[in-house]
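Okay, here's what each chain looks like letter by letter:
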Amino acid sequence: MGVVFATRTLWAVVLALLVGSVLFLIAGANPLLAYRALFGEAFLDYFGFGATLVKFSPIVLAGLAVAIPLRAGLFNVGAEGQIYLGALFCTMAALYLPEFYWPLHMAVCIAAAMLGGALWAAIAGLLKAYRGINEVIVTLLLNYVGMNIVSYAASGPMMEEGAPYPYSPEIPFSLFMPSIMPPTDAHAGALFGIGLALILAFCLKYTTFGFALVTVGHNPQAARYAGINVRRQIVVSMMLGGALAGLAGGLEVVGVKYRLFQSFSPGYGFDGIVVAFMAAANPILVVVAALFFAGLRSGAQFMQRAVGVDSTVVDAIQGLIVMFVAASLSIRFSDSRWGRMLAQRRSMEDLLPARGKQNGEKQNA
Amino acid sequence: MPEWLDIASSTDLLQTSPRLTVPIAFSALGGVIAERGGIYNVGLEGMMLSGAFGGALGSFLTGNPMAGVLLGIAFGASGGAVLAFLSIRLNVNQIVCGIAINLVAGGLTAFLARLAFGMDGTTKALPGFSPIAIPGLSSIPLIGPVFFDQDPLVYALYLIVPLVYWLLYRSAWGLEIRATGENPAAADSAGVPVYWVRFCCVLASGGLAGLGGAYIVLSQVFVFTEHMSAGKGFIALAAVILGRWDPLWAVVASLFFGFCDALQLRLQFANPTVPYQIFIALPYVASILALVGLYGRVKPPAAVGLPYRRETKI
């Protein structure tokens, strides 16, 4: 199954790149040269690969943040907002705690980032579990609330004095995440992504926690009969996703920006949705897909300079990839794991209270 | 009383509110139609952006804003056609489709804008619409200038809102649309062409979102810039929820969003001590609270987001 899935996705990506080459032809460039510049810079050049890793770190974590709730049958469209809250909590821990032994302080900052994201996602999880409110809508709306909270913090209480535009003071130097490919900006955050993907893949497959989570995703009715607390699984999987997205935001602060900027994320949370979807919510494949997307993003600027084709083409190609992958997976829809997950998400809807009759029951009780 | 609430400036505030409301209202109406037919249109943002680009292109090429409007609608509707094909024919998850459309639209419009308008992708001031005061009505104090000294697309909105209301609640088509959104299988067995109805709904939805985008270019800013829809499509989605999937309430919700937007713009310029972010975030918070408070009583169309397949029951 996994093999079919992976090859099918691969073909869809190839097809999308072929269609994307039409855009290069329109712009009067040789698509082969453009792609060679794009991928050559992103993956084969030392500095280019460093730049790819800088983008890989938030994208892979955002991808996992979407993938884990997805395995429990939940759509977390709110990774972007969770990234912002994570960055906010992380910066607060970095700036307002007195400096102490740095590895410990770093750990506290990272924990704060995860807490921020988890709390933000918990809102959607709790509303889903106890009121049956569609988590897609709530997480989508919370994105904008989160962004504005950070915008307020960066331009108000946390703003550096005399700063030309809204950002916080710099975090202490001891908290800068070390580089793994000096002298490039690639920081150790990328390792967090890979490590967590491996741990999560293991947990989903071999632990009772993972088993409960996936069972809820597969068949909430059966899960309930088996004595699994479905509501708690919903909240926990959302919070876990939020923690991963929050970590992505925190690592942007300690690894790349070193301060809290207003609107610092160029939509990593939305990239995460795409990546998780391409990877069929498989943590290992999330790493692969995230690497590919990070490469697309980082190689785009170089390609623009080398071939003279605008880097905005890459955005369009990313969209095409999503469309082709989505379309390819939907052929024999019900056979794919994706289709199964969605079908089972519906049975969860039936299980939860909220709509009409069940609400009445609750009031009577 | 804080200075940003005083009367003289509040007429001005009221006058800017409808202008900020219109693009959201068009898109929200599109969202209502699509969701009533059972399809989530998360691609509203991308369709608005396509509409804005179409509006700019039409106006740029012909010098006539009407051509811009038509091309804007066509571009928005073509986004709708893609969503319809993927979600209805291929049963692709509607949220994923919508996100893909937003991505493609963002990249493609920026790319094409550079091809069409030159390297930086922006235009000089485009020919657009200017306000036309309706004689008599516009001289009513307070509400006159607010509602009747606007540009033609605002008046178009006044016509489209009752039209959509009539379409959904008073016409046979509306019954078919709502049936398709509530229970496609039952509608199908009653002889409603479910796929066709959904296709038309999504196409109309895209066209309306495109019109909303064209409005931004042709009546508000008169230039096209990359990613200029700037989240208004998502606000429109929130307006659909806050408006409880009803066209009239969706427009009222859009008006609330427009007012908040006008207020935050004012605050950014006039009064830096009040955090303007509160007013940007307010509509989203209100939508979530509305979901929490109203969900039991008002529910979204039951089949929204679910692919319908004729031959099998999932």
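All values derive from a computational prediction rather than experimental measurement.

A. Seen up close, the overall build of chain A. Along its length, chain A carries 15 helices and zero strands. Relative to its full complement of 365 residues, chain A shows a buried share of 61%. Partitioning the contacts of chain A with sequence separation of at least 6, the portion at a separation of at least 24 is 77%. Carbon and sulfur atoms provide 66% of the accessible area of chain A, an area that totals close to 14200 Å².

B. Spatial organisation of the overall build of chain B. Of regular secondary structure, chain B possesses 12 helices and two strands. Helices (α) and strands (β) of chain B occur, in sequence order from the N terminus, as α-α-α-α-β-α-β-α-α-α-α-α-α-α. At 20 Å, chain B has a C-alpha radius of gyration in line with the 20 Å of a compact globule built from 314 residues. With the C-alpha coordinates aligned to their principal axes, the bounding extent of chain B is approximately 60 × 50 × 40 Å. Taken over 314 residues, chain B has a buried fraction of 57%. Only carbon and sulfur atoms are counted for the fraction: they give 70% of the accessible area of chain B, which is about 12300 Å². Averaged over its 16 positive side-chain charges, chain B has a centre that lies 10 Å from the centre of its 15 negative ones.

C. Structural context of helix 3 (residues 65–89) of chain B. Residue and element names in this part refer to chain B. With 25 residues, helix 3 ought to run about 36 Å at 1.5 Å a step, and its terminal C-alpha atoms sit 35 Å apart, in line with that. Where helix 3 begins, one side-chain oxygen reaches toward the backbone nitrogen of methionine 66, 2.9 Å away; that side chain belongs to asparagine 64. Immediately downstream of helix 3, the backbone of asparagine 91 shows phi near 60°, a positive value.

D. Seen up close, the nonpolar core. In this structure, A:Ile321 and B:Phe224 are the most contacted members of the largest nonpolar core, which totals 209 residues. With near-sequence residues (within four places) excluded, A:Ile321 lies in contact with A:Val13, A:Ala16, A:Leu17, A:Met278, A:Phe292 and A:Leu296.

E. Representation of the packing of helix 2 (residues 31–44) of chain A against helix 12 (residues 283–307) of chain A in the model. All names here are of chain A. The N-to-C vectors of helix 2 and helix 12 enclose an angle of 120°; their axes lie 7 Å apart at closest approach. Taken together, helix 2 and helix 12 sit at an angle that is classed as oblique. Like other packed secondary-structure pairs, helix 2 and helix 12 cross with a definite hand, here right-handed. In this structure, helix 2 contributes Leu33, Ala34, Ala37, Leu38, Phe39, Glu41, Ala42 and Phe43 to the contact, and helix 12 contributes Leu291, Phe292, Gly295, Leu296, Ser298, Gly299, Ala300, Phe302, Met303, Ala306 and Val307. Residue classes in the contact of helix 2 with helix 12 are distributed as 15 nonpolar, three polar and one charged.

F. Just the pattern of salt bridges, in detail. All names here are of chain A. On inspection of all chains with the given rule, the structure shows eight salt bridges over all chains. Here arginine 297 and aspartate 271 are joined by a salt bridge, their closest N and O atoms 2.9 Å apart. Within this pair, whereas arginine 297 is found in helix 12, its partner aspartate 271 is found in helix 11 (residues 268–278), the two being separated by 26 residues in sequence. Accessibility assignment for this pair places arginine 297 and aspartate 271 in one class, buried. We note a salt bridge from aspartate 315 to arginine 297, for which the minimum N-O separation is 3.1 Å. Taken together, the positions of aspartate 315 in helix 13 (residues 312–330) and arginine 297 in helix 12 put the pair 18 residues apart, joining distant regions of the chain.

G. Region of interest: empty space enclosed by the protein. One pass over the full model with this rule turns up three cavities of 30 Å³ or more. The wall of the largest cavity is formed by A:Val136, A:Ile137, A:Leu140, A:Leu141, B:Glu35, B:Tyr40, B:Val42, B:Ile95, B:Phe234, B:Leu237, B:Ala238 and B:Ile241. Every element with two or more residues in the lining of the largest cavity is listed here: helix 6 (135–155) of chain A together with helix 10 (232–242) of chain B. Partitioned by chemical class, the residues of the lining of the largest cavity number 11 nonpolar, no polar and one charged.

H. The arrangement of a nonpolar patch on the surface in detail. There is a patch of nonpolar side chains on the surface, built from A:Leu97, A:Phe100, A:Tyr101, A:Leu104 and A:Val108 and spanning about 450 Å² of accessible area. Relative to the helices and strands, A:Val108 is located in helix 5 (residues 102–131).

I. Molecular detail of the interface of chain A and chain B. Opposite the 51 residues of chain A that make contact, chain B presents 46 residues. Across the interface of chain A and chain B, roughly 4200 Å² is buried in total on both sides, 76% from carbon and sulfur atoms. Run the count over chain A and chain B and you get one salt bridge. Measuring nitrogen to oxygen at the nearest pair gives 2.4 Å for the salt bridge that ties A:Asp310 to B:Arg114. Residue assignment for the side of chain A that touches chain B shows that the elements contributing at least two residues are helix 1 (2–26), helix 5, helix 6, helix 11, helix 13, helix 14 (337–351) and helix 15 (356–364) of chain A.

J. Representation of the packing of aromatic side chains in the model. Counted by the stated rule, this structure contains 25 aromatic pairs over all chains. When the centroid spacing of 5.5 Å and the interplanar angle of 85° are considered together, the rings of A:Tyr165 and A:Tyr167 count as edge-to-face. Relative to B:Tyr308, the ring of B:Tyr195 has its centre 5.9 Å away and its plane inclined at 40°; by these criteria the two rings are tilted. Highlighted residues: B:Tyr195 in helix 9 (residues 194–221) and B:Tyr308 in the segment after helix 12 (277–294), separated in sequence by 113 residues. An aromatic cluster of at least three residues, connected via ring pairs, comprises A:Phe24, A:Tyr35, A:Phe39, A:Phe43, A:Phe292 and A:Phe293. Over the aromatic face of B:Tyr195 sits the side chain of B:Arg89, whose NZ or CZ is 5.9 Å from the ring centroid. One residue, B:Arg244, lies across the ring of B:Trp249, its end atom 5.9 Å from the ring centre.

K. Just helix 3 (residues 46–71) of chain A, in detail. Residues and elements named next belong to chain A. For helix 3, with 26 residues, the first-to-last C-alpha span of 35 Å sits near the 38 Å given by 1.5 Å per residue. At phenylalanine 56, helix 3 shows its largest bend, some 35°, and a proline, proline 58, comes one to four positions later. With respect to burial, helix 3 is a largely interior element, 21 of its 26 residues being buried. Where helix 3 begins, one side-chain oxygen reaches toward the backbone nitrogen of phenylalanine 47, 3.1 Å away; that side chain belongs to aspartate 45. The first or second residue beyond helix 3 is glycine 73, which carries a positive phi of 85°.

L. Just unusual backbone geometry, in detail. A cis amide bond links A:Pro182 with the next residue in sequence, A:Pro183, at an omega value of 0°. By the secondary structure assignment, A:Pro183 is in the loop between helix 6 and helix 7 (189–206). Although it is not a glycine, B:Ala230 adopts a positive phi angle of roughly 45°. Note on placement: B:Ala230 falls in the loop between helix 9 and helix 10. A positive phi angle, close to 60°, is found at B:Trp245, a residue other than glycine. Of note, B:Trp245 is situated in the loop between helix 10 and helix 11 (247–270).

How each quantity is defined
- Residues numbered from 1 in each chain as written.
- Chains lettered and ligands numbered in written order.
- Predicted model: local features only at pLDDT ≥ 70, side-chain atom pairs only at ≥ 80, totals over all residues.
- Heavy atoms only, no water.
- Helix = DSSP H or I, 4+ residues; strand = E, 2+ residues; numbered from the N terminus.
- Buried < 20%, exposed > 50% of the residue type's maximum accessible area, 1.4 Å probe, protein only.
- Contact = heavy atoms within 4.5 Å.
- Areas by Shrake-Rupley, 256 points an atom, 1.4 Å probe, with all protein chains shown as cover.
- Rg over C-alpha atoms; globule rule 2.2 N^0.38 Å.
- Lys, Arg positive; Asp, Glu negative; His and termini not counted.
- Charge placed at Lys NZ, Arg CZ, Asp CG, Glu CD.
- Expected span 1.5 Å × (residues − 1).
- Polar contact = N/O pair within 3.5 Å; in protein donor to acceptor, adjacent residues only side chain to side chain.
- Core = buried A, V, L, I, M, F, W, Y, C linked by side-chain atoms within 4.5 Å.
- Axes fitted to C-alpha atoms, helices over the stretch in contact; angles between N-to-C directions.
- Parallel < 35°, antiparallel > 145°, perpendicular 65-115°, else oblique.
- Left-handed = near helix turned anticlockwise from the far one by under 90°.
- Nonpolar A, V, L, I, M, F, W, Y, C, P; charged D, E, K, R; others polar.
- Salt bridge = Lys/Arg side-chain N within 4 Å of Asp/Glu carboxyl O.
- 1 Å grid on protein atoms, 1.4 Å probe; cavity = no way out; pocket = protein on both sides within 12 Å on 5 of 7 lines; lining within 4 Å.
- Points joined across faces, edges and corners; volume = space filled by probe spheres on them.
- Patch = residues over 30% accessible without salt bridge, like charges linked within 9 Å, V, L, I, M, F, W, Y side chains within 5 Å.
- Buried area = accessible area lost by both parts, 1.4 Å probe.
- Phe/Tyr/Trp six-rings, centres within 6.5 Å; stacked < 30°, edge-to-face > 60°.
- Lys NZ or Arg CZ within 6 Å of the ring centre and 35° of its normal.
- Bend = angle between axes of the 7 residues up to and from the residue.

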